[in-house]
Every structure is written in structure tokens, then in C-alpha cells.
Amino acid sequence: MNPVCLSVLAEYAYTLRVDEKSDVYSFGVVLLELITGRRPVGGFGDGVDIVHWVRKVTAELPDSSDTAAVLAVADRRLTPEPVALMVNLYKVAMACVEEASTARPTMRGVVHLLSNPNNDGLVVTF
């Protein structure tokens, strides 16, 4: 099955609804796949998907910075330089996979965040 379909199904299983922000969630899953080099499901343990795995790994870090989070989950085959760009992708991905769909950016907001990687904040109207 297509990984994007799986992420929509996973969100539906958690929330019992699908809306325009479901596409944003799926995009966040794709970004996490690119950052981690892992598939969206499987290989994480029983009932754990990539989103929950990233949250678990980063929650257990002694350093809660975004840089530490990225370095903890990033695919070792990737060159983490420049770290700032990887951190930006991570922040966008995590904003996209917020549990509450109302807390996620719009796709227009995602494009803005990806187009302006030097923007320090995720200040975009959701």
C-alpha cells in the first residue's frame, strides 16, 4: 500500500475524520521519511508509526533542542550540514503532524515555511 495512504489511514484511525489538514499530516509524514530514511510504518514496534517513534526518541533526549532532535532521528546517510536546513525541515514536519488538525499549518503555510528557511519562528496563520 502507498505510504501516503497509510498515513491518512493512520490519522483517520486516531481522529475518526479526514479533512484538508489530513494532506498536511501526510506531507509531514513524507518529510519525516526523508529526514529519517525510514518507512512510515513497520520496524518501530507494535502499533508505532514514524510520527510516534520520532516523538518518543526526541522526548527521551536530555537536550530538548531542535538540533539535538534532528541529529537523534536523522538518517546517518545524510550529511547533516547545514544543520539549520535540517532543523527547519524537522520543525515543518513536526508542525504538519500535530495531533490536532487545527494546530497544523495550511499547505500555503508549509510552502512559506519551506521557502523561507532562515525564518526563526513558525509564525504562520494556521
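Reading the values: rules and limits
Residues numbered from 1 in each chain as written. Predicted model: local features only at pLDDT ≥ 70, side-chain atom pairs only at ≥ 80, totals over all residues. Heavy atoms only, no water. Core = buried A, V, L, I, M, F, W, Y, C linked by side-chain atoms within 4.5 Å. Buried < 20%, exposed > 50% of the residue type's maximum accessible area, 1.4 Å probe, protein only. Helix = DSSP H or I, 4+ residues; strand = E, 2+ residues; numbered from the N terminus. Contact = heavy atoms within 4.5 Å. Expected span 1.5 Å × (residues − 1). Salt bridge = Lys/Arg side-chain N within 4 Å of Asp/Glu carboxyl O. Axes fitted to C-alpha atoms, helices over the stretch in contact; angles between N-to-C directions. Parallel < 35°, antiparallel > 145°, perpendicular 65-115°, else oblique. Left-handed = near helix turned anticlockwise from the far one by under 90°. Nonpolar A, V, L, I, M, F, W, Y, C, P; charged D, E, K, R; others polar. Polar contact = N/O pair within 3.5 Å; in protein donor to acceptor, adjacent residues only side chain to side chain. Arc of directions from axis to C-beta.

As named in an unreviewed UniProt entry, the protein is Protein kinase domain-containing protein, taken from Zizania palustris.

What follows concerns the nonpolar core. Leu32, Ile50, Val51, Val54, Tyr90 and Val97 are the most contacted members of the largest nonpolar core, which has 25 residues in total. Those elements giving two or more residues to this core turn out to be helix 2 (20–36), helix 3 (50–59), helix 4 (66–73), helix 5 (83–96) and helix 6 (107–115). In terms of residues, this core owes the most to one element, helix 5, which gives 7 residues. The residues contacting Val54, other than those within four sequence positions of it, are Leu32, Thr36, Val73, Tyr90 and Met94.

Given 3.6 residues per turn, any residue in an α-helix points the same way as the ones three and four places further on. When the terminal C-alpha atoms of helix 5 are compared, their 20 Å separation across 14 residues agrees well with the 20 Å that a helix rising 1.5 Å per residue should span. Those residues of helix 5 not exposed but buried are Met86, Val87, Asn88, Tyr90, Val92, Ala93, Met94, Ala95 and Cys96. For helix 5, the secondary structure elements touched by its buried residues are helix 2, helix 3, helix 4 and helix 6.

This brings us to the pattern of salt bridges. Enumeration over the complete set of coordinates arrives at 3 salt bridges. In this structure, Asp75 and Arg77 form a salt bridge, with 2.7 Å as the shortest nitrogen-oxygen distance. Its relative accessible area of 68% is what places Arg77 among the exposed residues.

Remark: helix 4 packs on helix 5, axes separated minimally by 9 Å, with the N-to-C direction vectors making an angle of 90°. In terms of their interaxial angle, helix 4 and helix 5 are classed as roughly perpendicular. Within the contact between the two elements, helix 4 uses Asp66, Thr67, Ala69 and Val70 and helix 5 uses Val83, Met86, Val87, Tyr90 and Lys91.

Quick look at the packing of helix 3 against helix 4 now. Orientation of helix 3 relative to helix 4, taken along the N-to-C sense of each, is 120°, at an axis distance of 9 Å. By the angle class used here, helix 3 and helix 4 are oblique. When you trace helix 3 past helix 4, the crossing you get is right-handed. In this structure, helix 3 contributes Trp53, Val54, Val57 and Thr58 to the contact, and helix 4 contributes Ala69, Ala72 and Val73. Residues that form the contact of helix 3 with helix 4 fall into these classes: 6 nonpolar, 1 polar and no charged.

With that settled, the discussion passes to the side chain of Lys21. As for its placement among the helices and strands, Lys21 is situated in helix 2. Polar contacts involving the side chain of Lys21 include one to the main-chain carbonyl oxygen of Ser101, which spans 3.5 Å. At 2.6 Å, the side chain of Lys21 and the backbone oxygen of Arg104 are in polar contact.

In this section: helix 3. Among all positions in helix 3, only Ile50, Val51, Trp53, Val54 and Thr58 are buried. The arc that holds every buried residue of helix 3, seen down its axis, measures 165°, which confines them to one face. In this structure, the buried side of helix 3 is in contact with helix 2, helix 4 and helix 5. The opening residue of helix 3, the one whose side-chain oxygen lies 3.1 Å from the backbone nitrogen of Val51, is Asp49.

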